[in-house]
Amino acid sequence: MRVAHLADLHLGFRQYHRQTPAGLNQREADVAHAFRQAVDQVIAARPDAVIVAGDLFHSVRPTNPAILFAFHEFHRLKQALPDAPLILVAGNHDTPRAVETGSILSLFESVGAEVVSEEARRLSYPALGLSVLAVPHMALLAGERPELRPEGPEPFQVLATHGEVPNVFRPEEAAMEYGGALLSLEELARGGWSYVALGHYHVQQELAPRIWYCGSLEYASPHLWSELAREQQLGLDGKGWLLVDLESGKVQRQPVPAVRRVIDLPRLEGAGCVAADLDAKVAKAV
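What counts as what
- Residues numbered from 1 in each chain as written.
- Predicted model: local features only at pLDDT ≥ 70, side-chain atom pairs only at ≥ 80, totals over all residues.
- Heavy atoms only, no water.
- Helix = DSSP H or I, 4+ residues; strand = E, 2+ residues; numbered from the N terminus.
- Rg over C-alpha atoms; globule rule 2.2 N^0.38 Å.
- Buried < 20%, exposed > 50% of the residue type's maximum accessible area, 1.4 Å probe, protein only.
- Contact = heavy atoms within 4.5 Å.
- Areas by Shrake-Rupley, 256 points an atom, 1.4 Å probe, with all protein chains shown as cover.
- Lys, Arg positive; Asp, Glu negative; His and termini not counted.
- Charge placed at Lys NZ, Arg CZ, Asp CG, Glu CD.
- Phe/Tyr/Trp six-rings, centres within 6.5 Å; stacked < 30°, edge-to-face > 60°.
- Lys NZ or Arg CZ within 6 Å of the ring centre and 35° of its normal.
- Core = buried A, V, L, I, M, F, W, Y, C linked by side-chain atoms within 4.5 Å.
- Pairing = 2+ DSSP bridges.
- Axes fitted to C-alpha atoms, helices over the stretch in contact; angles between N-to-C directions.

Colleague: Before we move on, can you summarise the overall build of the protein chain with the specific residues and values?
Modeller: When helices and strands are counted, the protein chain shows seven helices and 12 strands. Scaling as 2.2 N^0.38, a compact globule of 286 residues should have a C-alpha radius of gyration of about 19 Å, and the protein chain matches this with 20 Å. Structurally, the protein chain occupies a C-alpha span of about 70 × 40 × 40 Å along its principal axes. Counting across all 286 residues of the protein chain, residues that qualify as buried make up 51%. Long-range pairs, those at least 24 residues apart, make up 68% of the contacts in the protein chain with a sequence separation of at least 6. In the form shown here, the protein chain has an accessible surface area of approximately 13800 Å², with 53% of it arising from carbon and sulfur atoms. Across the protein chain, the centroid of the 26 positively charged side chains sits 5 Å from that of the 35 negatively charged ones.

Colleague: Let's hear about the packing of aromatic side chains: which residues, and what values?
Modeller: Taken as a whole, this structure holds six aromatic pairs when the rule is applied. With centroids separated by 6.2 Å and ring planes inclined at 70 degrees, the aromatic side chains of Phe 35 and Phe 69 adopt a geometry described as edge-to-face. In this pair, Phe 35 is assigned in helix H1 (residues 26-45) and Phe 69 in helix H2 (residues 64-80), connecting sequence segments 34 residues apart. Since its relative accessible area comes to 2%, Phe 35 is described here as buried. Judged by its relative accessible area of 14%, Phe 69 falls in the buried class. Members of the aromatic cluster, connected to one another through ring pairs, are Phe 35, Phe 57, Phe 69, Phe 71, Phe 74 and Phe 108. The lysine or arginine in question, Lys 239, covers the ring of Tyr 219, its NZ or CZ lying 4.6 Å from the ring centre.

Colleague: Give a detailed account of the nonpolar core, specifying residues and quantitative values.
Modeller: Leu 6, Phe 74, Phe 108 and Trp 241 are the most contacted members of the largest nonpolar core, which totals 39 residues. Of all the elements in the fold, those that place two or more residues in this core are strand S1 (2-6), H1, strand S2 (49-53), H2, strand S3 (86-89) and strand S11 (240-245). Counting residues per element, this core draws most heavily on H1, which supplies nine residues. Discounting chain neighbours no more than four positions away, the residues touching Leu 6 are Ala 38, Val 42, Val 50, Ile 51, Val 52, Ala 53, Cys 214, Leu 217 and Trp 241. By size, the runner-up hydrophobic cluster in this structure holds 24 residues, among which are Leu 123, Val 158, Val 244 and Leu 246.

Colleague: An account of the pairing of strand S9 (residues 205-208) is needed here, citing residue identities and associated values.
Modeller: Within a regular strand, the side chains alternate between the two sheet faces. Sheet analysis places S9 next to strand S10 (residues 211-213), joined by three bridges and oriented antiparallel. Its bridge partner being in S10, Ala 208 is matched across the sheet by Ile 211.

Colleague: Break down the sheet that holds S9 for me, with residues and values.
Modeller: With respect to topology, six strands assemble into an open sheet ordered S5-S6-S7-S8-S10-S9, the strand pairing being mixed. Each edge of the open sheet is held by one strand with a lone partner, namely strand S5 (121-125) and S9. Strand-to-strand twist across the sheet, computed as the mean angle between neighbouring axes with direction ignored, equals 20 degrees. Taken together, the six bridges between strand S6 (residues 130-135) and strand S7 (residues 156-162) define a ladder with parallel strand orientation.

Structure (structure tokens):
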């Protein structure tokens, strides 16, 4: 029984001012390209189920191109893997602050996805021996949070949610990526889950046996250099998604080739420099 774990796609993310020849923000195009590659890889891997653990879009009100692109890619995924459940769990970027705004995620029910955007839902797939407790961002903020424990006769019990485990974010990351619902590692671990699929933190990381942040597919945060430094610290070469064997607990990293490199230039010391000196230092570093 194998599950594809993705999260933090952030489709529609825009950064800087460069545009593609078609007039699309270049970084938005990069993020879309990464997801297209990941869909190709998931189709080739043929997992028994696919989980997207939050932040499908970067904004509650994504652009029309981002919506159309996501619809096309999920339709393509379901056409290729019609028997594999596709589970979409809303993250903080997908969750409107006002109820009347509504969630765009419900659109993907028309392609066969199971969308969980407001209340926690337990999804049962008896033919697969799989039960998934899907807990969206809004449910974690509710007055009475759902109890995170396995339930039912299915041998494979998975928790899919989107939240922030304390002491995982570096200080500079936490200041930039605010709004996550807090989840304690003890709360996640005591359930004895076959697997916990987390979203919100953009660096792929195992927190405890069978508990993983799969990370984002692209550098889609305000402080991408901090992500790069953390990845280097963990010995990771870029972004990717996870292919999980629920029986053995084996987790295989599936790298997604980067469209372009992210470069972290060394810090420059400008004390006592005039503008021409700083220009020269910058030019040399670049």
